[in-house]
Amino acid sequence: MANVRDLKKDINYVLGDIIEAAYVWEYTHTGKDTKKTEAIVDEAIETFDELIAKVNDKTVENKKAHFKQVNAELETKGRALIEKLNNLG
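Okay, so let's go over this structure. Computed from a predicted structure; not experimentally measured. (Residues numbered from 1 in each chain as written. Predicted model: local features only at pLDDT ≥ 70, side-chain atom pairs only at ≥ 80, totals over all residues. Heavy atoms only, no water.)

What follows is about a negative patch on the surface. A cluster of like negative charges, contributed by Asp33, Glu38, Asp42, Glu46 and Asp49, occupies part of the molecular surface. Here aspartate 49 lies in helix α2 (residues 35-55). (Patch = residues over 30% accessible without salt bridge, like charges linked within 9 Å, V, L, I, M, F, W, Y side chains within 5 Å. Areas by Shrake-Rupley, 256 points an atom, 1.4 Å probe, with all protein chains shown as cover. Salt bridge = Lys/Arg side-chain N within 4 Å of Asp/Glu carboxyl O. Lys, Arg positive; Asp, Glu negative; His and termini not counted. Charge placed at Lys NZ, Arg CZ, Asp CG, Glu CD. Helix = DSSP H or I, 4+ residues; strand = E, 2+ residues; numbered from the N terminus.)

This is the structure we're talking about:
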């Protein structure tokens, strides 16, 4: 990982794309209930807030390991949200 700025951009892009995909799904499935997509968007926003707070944590001693852990958490939570989007049907 290059730096903190890139990690913040990755968090923003990944979760922003998931939110955008949820809205596209709502737009293309106008007759369906949107409660599930709203829950996915809310979860993506909560995940964004959590991960940015972890990145901005100044009390961490081993920053490199901490940022790797945040990046791994972004990947796992992002995949889980994408899986939820794929299962909306």
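Okay, the pattern of salt bridges next. In this structure the tally under the stated criterion is five salt bridges. Two residues, lysine 77 and glutamate 50, come together in a salt bridge whose shortest N-O distance is 2.9 Å. Placement of lysine 77 in helix α3 (residues 63-86) and of glutamate 50 in helix α2 is noted, with a sequence separation of 27 residues between them. Assessed through its relative accessible area of 27%, lysine 77 is described here as partly exposed. (Buried < 20%, exposed > 50% of the residue type's maximum accessible area, 1.4 Å probe, protein only.)

Since the α-helix turns once every 3.6 residues, residues separated by three or four places project in the same direction. The terminal C-alpha atoms of helix α1 (residues 4-28), which comprises 25 residues, lie 36 Å apart, in line with the 36 Å expected from a rise of 1.5 Å per residue. On its buried side, α1 packs onto α2 and α3. Where α1 begins, the side chain of asparagine 3 points an oxygen toward the backbone nitrogen of arginine 5, at a separation of 3.2 Å. (Expected span 1.5 Å × (residues − 1). Contact = heavy atoms within 4.5 Å. Polar contact = N/O pair within 3.5 Å; in protein donor to acceptor, adjacent residues only side chain to side chain.)

What follows deals with the nonpolar core. Ranked by size, the top nonpolar core spans 19 residues in total, and within it Ile11 and Leu15 carry the most contacts. Of the residues forming this core, the biggest block, seven residues, is contributed by α1. For leucine 15, the residues in contact, after removing those within four places along its chain, are Ala44, Thr47, Phe48, Leu74 and Leu81. (Core = buried A, V, L, I, M, F, W, Y, C linked by side-chain atoms within 4.5 Å.)

Okay, the environment of lysine 63 next. In this fold, lysine 63 is placed in helix α3. On a C-alpha basis, the gap between lysine 63 and valine 4 in space is 9.8 Å, while along the polypeptide they are 59 residues apart. For lysine 63, the contacting residues outside a window of four places in its chain are Asp57 and Lys58.

Checked against the element boundaries, glutamate 26 lands in helix α1. For the buried residue glutamate 26, which engages in no salt bridge, the nearest side chain bearing the opposite charge is lysine 35, 11 Å off. Discounting residues that sit within four places of it in the chain, glutamate 26 has contacts with Thr34, Thr37 and Glu38.

Looking at where glycine 31 falls in the secondary structure, it is placed in the loop between α1 and α2. Judged by relative accessible area, which is 78%, glycine 31 ranks as exposed. Taking C-alpha positions, glycine 31 is 39 Å from lysine 54, a pair spaced 23 residues apart along the chain.

Here α2 is 21 residues long and its end C-alpha atoms lie 30 Å apart, about the 30 Å a rise of 1.5 Å per residue gives. For α2, the full list of buried residues reads Thr37, Ile40, Val41, Ala44, Thr47, Leu51, Ile52 and Val55. Seen along its axis, α2 keeps its buried residues to an arc of 125°; they face one direction. Buried residues along α2 sit in contact with α1 and α3. (Arc of directions from axis to C-beta.)

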